[in-house]
Amino acid sequence: MFGLATRMLLLSVAGGTTYWTVDDAVEKKAADIKTLQALDPELEEISKSSSVADEHLKGNQSILEMVQSDLDEVKKANQKSLIHLKEQNANVEQAIKEIDAVKEKLQKSVAKAREASAHEKKAKKDLEASERAANARTAEMQKASEAYANAEAHLEAVITGEDPNEIPSAYDDKKDKKKRLEAAQAELKEAEKSKADNSKAVSEAVTQMEKRRFEQQVEQKAFDDASASLRHAEKARKKLSDNSRPEQLNVQSLSQALEVLKRSVDHLTSESNELKRILRQKQRQHDALQRTITDDSHCIESLRSAQGQVQHAANVYNATSHAYSVSQSDDLLEAVWGAKDELDKFRYDLYVTQKKCAPDTFHLPDMAPPPSCEKETGGTCKLLWCDASRNAYCEQATSSCRCPPATCASGGECRPRGSPPLATLPPTAVFAEAAVPESASGSPKILIVVLAVLIGVAAAARQKRSGSRKVILSERLLQ
């Protein structure tokens, strides 16, 4: 387990932000194990309840099958009477349909008879009115005829008389009376025609009325016959129903018991399915917790490894940075930056591991990947040396223009990285951490190792630069 110094180191290299450590992962694993242990008896209890529910369900299903068998036997024994009753029910239904159809026809015939009666009454009323009109026209015609006869006699008397001046007026009077007589005769003829038409209409209405009454009587007889058939069918059905009532009561009793058992089986089935659903859900939770605990174990190992790498890289960087601050040697500058790049890489690797292992409810601030320091400028030195503008040296093994220590390639040229950042921890803290035995810190006598590495890195860098120095000619001379 990492100690307080490791926690301080991680907090320092993380910039003071919240992080997910091995201790956090161990604590989470312990909590997950506790949750799993609490879930085990609950899972066992639900499993027992599900088994008991299944046993009750099987028992009720067996009883249901027996009652269903008894009901089938009773129905089979009474099948003949039930078939007869069903046929008689069909006869009753057919009789009802027939009586409904006959009743509808009777209602229509009654309506037609009423309509014919009303038409007959109207025709007779119209005939009476036309007879009165014809009588009135007859009286008017007789009156006009008498007036014409008188005018004709008066004209003859005037003609044979002594005063010839009265002849024109008498002649005009005769002519006027004749017109009136002709008009009265025409009106009488029209009245007689209307009377004849109404008399014919009355005869037709009486004939239609008699026809409708006969149709009504036929439909009434058909309705009475259908009613008698219905009463006979209902009587026969009642007799069959009374005879089969005991058997029907037995079937009804068994059917009711069967319905109760079905509802009970349905309820027990639903209860069993619900318990199985809960059991599956709890089992999935149990399996998920087991997988989570396995993941917790992997995360603990991953975090322990990543934190150890960060701790080791921080110690190396602090020691290198401290050595550089004391000596200000250019040979150590590249080593400082190399240690810094390695520390950044391990820090980001630790962040990725924390991001993967931390729970969703844990807020871990975002961290961008560390920038890379490219050494290749893109230039070559097979024929001529590297251009001076690149500030690079020629790597003889690859004939490529590479950046010297403490510089990075950008835009085809080498640019200084500047002074390295300050040490992550004060030198005393570095030495104190480095002096911790292996059982406590995981980095035994790290200072001696770091100093040896620094000496080797400085010598290698000096030898590499001295072996790679060439006369630098400008590439612009070739243009």
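Residues numbered from 1 in each chain as written. Predicted model: local features only at pLDDT ≥ 70, side-chain atom pairs only at ≥ 80, totals over all residues. Heavy atoms only, no water.

Engineer: Would you mind going over the overall build of the protein chain with me for this structure?
Structural biologist: When helices and strands are counted, the protein chain shows 8 helices and 5 strands. Traced from its N-terminal end to its C-terminal end, the protein chain shows the element sequence α-α-α-α-α-β-β-β-β-β-α-α-α. The proportion of buried residues among the 479 residues of the protein chain is 31%. Nonlocal contacts in the protein chain, meaning residues at least 24 apart in sequence, comprise 75% of its contacts between residues at least 6 apart. Carbon and sulfur atoms make up 54% of the accessible area of the protein chain, which amounts to about 30100 Å² in all. (Helix = DSSP H or I, 4+ residues; strand = E, 2+ residues; numbered from the N terminus. Buried < 20%, exposed > 50% of the residue type's maximum accessible area, 1.4 Å probe, protein only. Contact = heavy atoms within 4.5 Å. Areas by Shrake-Rupley, 256 points an atom, 1.4 Å probe, with all protein chains shown as cover.)

Engineer: I would appreciate a short explanation of the nonpolar core in the present structure.
Structural biologist: Across soluble globular proteins, nonpolar side chains show a tendency to be buried alongside one another. Residues W20, L303 and L343 are the most contacted members of the largest nonpolar core, which totals 25 residues. Mapped by element, the contributors of at least two residues to this core are α2 (22-77), α4 (167-327) and α5 (330-357). The greatest single-element share of this core, amounting to 11 residues, is contributed by α4. (Core = buried A, V, L, I, M, F, W, Y, C linked by side-chain atoms within 4.5 Å.)

Engineer: Explain the packing of aromatic side chains to me, please; I cannot follow it from the model alone.
Structural biologist: Within a pair of aromatic rings, the relevant descriptors are the distance that separates the centres and the angle that separates the planes. The full count for this structure, using the stated rule, is 2 aromatic pairs. With a centroid separation of 5.1 Å and 65° between ring planes, the pair formed by W20 and F362 is classed as edge-to-face. One end of the pair, W20, is in the loop between α1 (4-13) and α2; the other, F362, is in the loop between α5 and β1 (376-380), and 342 residues separate them in sequence. Judged by centre distance (5.9 Å) and plane angle (35°), the ring pair of Y348 and Y351 falls under tilted. Of the two residues, Y348 and Y351 both sit in helix α5, 3 residues apart, roughly one turn of that helix. (Phe/Tyr/Trp six-rings, centres within 6.5 Å; stacked < 30°, edge-to-face > 60°.)

Engineer: How should the side chain of K177 be read in this particular structure?
Structural biologist: Assignment of secondary structure puts K177 in helix α4. At 2.7 Å, the side chain of K177 and the side chain of D173 are in polar contact. (Polar contact = N/O pair within 3.5 Å; in protein donor to acceptor, adjacent residues only side chain to side chain.)

Engineer: Any chance you could explain the sheet that holds strand β2 (residues 393-395) here in plain terms?
Structural biologist: Hydrogen bonds between backbone atoms are what pair the strands of a sheet, whose relative direction is either parallel or antiparallel. The strand order across the open sheet formed by 3 strands is β1-β3-β2, and the pairing between neighbours is antiparallel. Strands with a single pairing partner mark the edges of an open sheet, and in this sheet they are β1 and β2. Direction aside, neighbouring strands of the sheet carry axes that sit 45° apart on average. As judged from the 2 bridges shared by β1 and strand β3 (residues 400-402), these two strands associate in the antiparallel manner. Of the residues in β3, the one forming a bridge with E376 is R402. (Pairing = 2+ DSSP bridges. Axes fitted to C-alpha atoms, helices over the stretch in contact; angles between N-to-C directions.)

Engineer: I keep staring at the pairing of strand β4 (residues 407-410) and nothing clicks. Help me out?
Structural biologist: Successive side chains on a regular strand alternate, one facing one side of the sheet and the next facing the other. Two strands pair when backbone bridges link them, and β4 and strand β5 (residues 413-416) are joined in this way by 4 bridges, in the antiparallel orientation. Across the sheet, residue S410 finds its bridge partner in β5, namely E413. The antiparallel hairpin formed by β4 and β5 contains 2 residues in its connecting segment, where G411 sits at a positive phi of about 65°.

Engineer: Just to check I follow, could you spell out the state of the cysteines for this structure?
Structural biologist: Chemically, a disulfide is nothing more than a covalent bond linking the sulfur atoms of two cysteines. One pass over the structure, following the stated rule, counts 5 disulfides. Between C381 and C394 runs a disulfide, and the two sulfur atoms are separated by 1.9 Å. Between C381 and C394 the disulfide shows an S-S torsion of about 80°. By sign, it is right-handed. Placement of the pair is C381 in the loop between β1 and β2 and C394 in strand β2, with a sequence separation of 13 residues. (Disulfide = S-S within 2.5 Å.)

Engineer: It is not clear to me how α2 should be interpreted in this structure. Could you clarify?
Structural biologist: Here α2 spans 80 Å end to end across 56 residues, near enough to the 82 Å set by a 1.5 Å rise per residue. Structurally, the start of α2 carries an N-cap: the backbone nitrogen of D23 is 3.4 Å from a side-chain oxygen of T21. (Expected span 1.5 Å × (residues − 1).)

Engineer: How should I be thinking about the pattern of salt bridges in this particular structure?
Structural biologist: Oppositely charged side chains can form a pair if their charged atoms are brought close together. Taken as a whole and judged by the stated rule, the model has 26 salt bridges. For D349, the salt bridge identified is with K345, shortest N-O distance 2.9 Å. With D349 and K345 both in helix α5, this residue pair falls 4 residues apart, about one helical turn. Measuring nitrogen to oxygen at the nearest pair gives 3.1 Å for the salt bridge that ties E413 to R415. Beyond isolated ion pairs, a larger network of salt bridges with shared partners links K28, D32 and D296. (Salt bridge = Lys/Arg side-chain N within 4 Å of Asp/Glu carboxyl O.)

Engineer: Would you explain the confidence of the model for the protein chain in this entry?
Structural biologist: Caution applies to low-pLDDT parts of the model: their predicted coordinates are not meant to be read in detail. Across the protein chain, the average pLDDT comes to 79, with 83% of residues at 70 or higher. For the protein chain, the element scoring lowest by mean pLDDT is helix α6 (residues 427-434), at 34; β3 scores highest, at 94. Low confidence marks residues 1-17, where pLDDT is under 50. Its contacts with residues over four positions away, or in another chain, come to 37 contacts. Every residue in residues 425-479 scores below 50 in pLDDT, and together they form 72 contacts with partners more than four places removed in sequence or on other chains. (pLDDT = per-residue confidence, 0-100.)

Engineer: What's the story with unusual backbone geometry in this structure? I'm lost.
Structural biologist: A negative phi angle is the norm for most residues apart from glycine, just as the trans form is the norm for most peptide bonds. The phi angle at N391 is positive, at roughly 60°, despite the residue not being glycine. With respect to the helices, strands and loops of the structure, N391 is situated in the loop between β1 and β2. Of the residues examined, N391 reaches a relative accessible area of 46% and is grouped as partly exposed.

Engineer: How should I be thinking about the environment of E219 in this particular structure?
Structural biologist: Topologically, E219 is positioned in helix α4. Other than its neighbours up to four places away in sequence, E219 contacts V102, K105, L106 and S109.

Engineer: Where do I start with the environment of R390 in this structure?
Structural biologist: Relative to the assigned elements, R390 resides in the loop between β1 and β2. Owing to a relative accessible area of 18%, R390 belongs among the buried residues under this scheme.

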